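In case you want the letters, here they are:
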Amino acid sequence: MYEERPALLTGAVLWTRTLAGVPRPARPVLPDGCMDLIWADGRLLVAGPDTRPYVPGETVTRYAGIRFAPGEAPAILGVPARELRDRRVPLDAFWGEAVARRLGERIAEAPDPAAALEALALRRAADAPAPDPLLRAVVARLDAGRPVAETAEAVGLGARQLHRRSLDAFGYGPKTLARILRLQRALTLIRAGVPYADAAVRAGCADQAHLARETRALAGTTLSAYEAAVGVSVGVSVGVSANRDTPLPSGSRTTA
């Protein structure tokens, strides 16, 4: 069973999943611009920003996680996003084995592991540098479909400056972030039953063929295969969120 709720950190989401019965084959987790701090059967790990689909290979019965908004995790975790791109890394690689083990045990003993994980993130955030409003503005503009060049000018950065700061904050350049956010907008529309061509244009793609290429490049699947995987009939709104459809959370809110 998968559940989620808003976290106290701006833009963050708490999620939990408990595996019951016979495990289902894991479906790929798709890029979404986010990073997660995850507690998995007593072990803490960090899911970095993805540029391609990730297929979970481990067998875990209990998960709790906090999914940070794009650009927010590096300051809290103390590691640049570029070092975690397309990776799942044990937390002890950054905080030390003893600290990570002690924190994992403390979360395991808590009545609500997700709340304990959130408390940890809040303590770290209190000691971390304040979120950069400029980077938040970059995310907001790109998620609204604004061009990268226009976004750089709006926040007062040159193209190279924006690219360099994006690598540390998001794990990749602003063009990649814009593509990922656009794909997520399109997939959200498709899950709501919007036809492919309309979803493509509304999300910011040139046409359905453009969206199909992006889906293949970033999600490793086709539009029809994605639709079948999430159980959507085009034209019919089923009210299923990406997070609730995630069969095996591992650092992204959307699965194929």
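Note: the structure precedes this text.
On a predicted model such as this, the values are computed, not experimentally measured, just so you know.

In this structure, the largest pocket spans a volume of roughly 370 Å³. Surrounding the largest pocket, 22 residues form its lining, Gly 71, Glu 72, Ala 75, Pro 131 and Asp 132 being those nearest its centre. Listing elements by their share of the lining of the largest pocket, those giving two or more residues are helix 1 (73-77), helix 5 (133-143) and helix 7 (159-170). Looking at the lining of the largest pocket residue by residue, the class counts come to 15 nonpolar, 2 polar and 5 charged.

Applying the stated criterion across every chain yields a total of 13 salt bridges. The salt bridge partner of Asp 143 is Arg 185, with a shortest N-O separation of 3.5 Å. Here Arg 185 lies in helix 8 (residues 174-191) and Asp 143 lies in helix 5, a separation of 42 residues in the sequence. On the accessibility criterion, Asp 143 (37% relative accessible area) is partly exposed.

This next bit is on the pairing of strand 6 (residues 62-68). Burial within strand 6 is extensive, with 6 of its 7 residues counted as buried. Sheet analysis places strand 2 (residues 13-18) next to strand 6, joined by 6 bridges and oriented antiparallel. Directly across from Leu 14, in strand 6, lies its bridge partner Ile 66. Relative to strand 6, strand 4 (residues 35-40) runs antiparallel, the two being bridged by 6 bridges. Across the sheet, residue Asp 36 finds its bridge partner in strand 6, namely Arg 67.

A few words now on the side chain of Arg 185. The exposure class of Arg 185 is buried, given its relative accessible area of 18%. When residues no more than four places from it in sequence are discounted, the contact partners of Arg 185 are Leu 142, Asp 143, Ala 144, Gly 145 and Ala 203.

Moving on to unusual backbone geometry. In this structure, Asp 41 is a non-glycine residue whose phi angle is positive, near 50°. Here Asp 41 is to be found in the loop between strand 4 and strand 5 (43-47). A relative accessible area of 39% places Asp 41 in the partly exposed class. In the Ramachandran plot, Asp 86 falls in the positive-phi region, its phi being about 60° despite a non-glycine side chain. Locating Asp 86 in the fold gives a position in the loop between helix 1 and strand 7 (88-90).

The rules behind these values
Residues numbered from 1 in each chain as written. Predicted model: local features only at pLDDT ≥ 70, side-chain atom pairs only at ≥ 80, totals over all residues. Heavy atoms only, no water. 1 Å grid on protein atoms, 1.4 Å probe; cavity = no way out; pocket = protein on both sides within 12 Å on 5 of 7 lines; lining within 4 Å. Points joined across faces, edges and corners; volume = space filled by probe spheres on them. Helix = DSSP H or I, 4+ residues; strand = E, 2+ residues; numbered from the N terminus. Nonpolar A, V, L, I, M, F, W, Y, C, P; charged D, E, K, R; others polar. Salt bridge = Lys/Arg side-chain N within 4 Å of Asp/Glu carboxyl O. Buried < 20%, exposed > 50% of the residue type's maximum accessible area, 1.4 Å probe, protein only. Pairing = 2+ DSSP bridges. Contact = heavy atoms within 4.5 Å.

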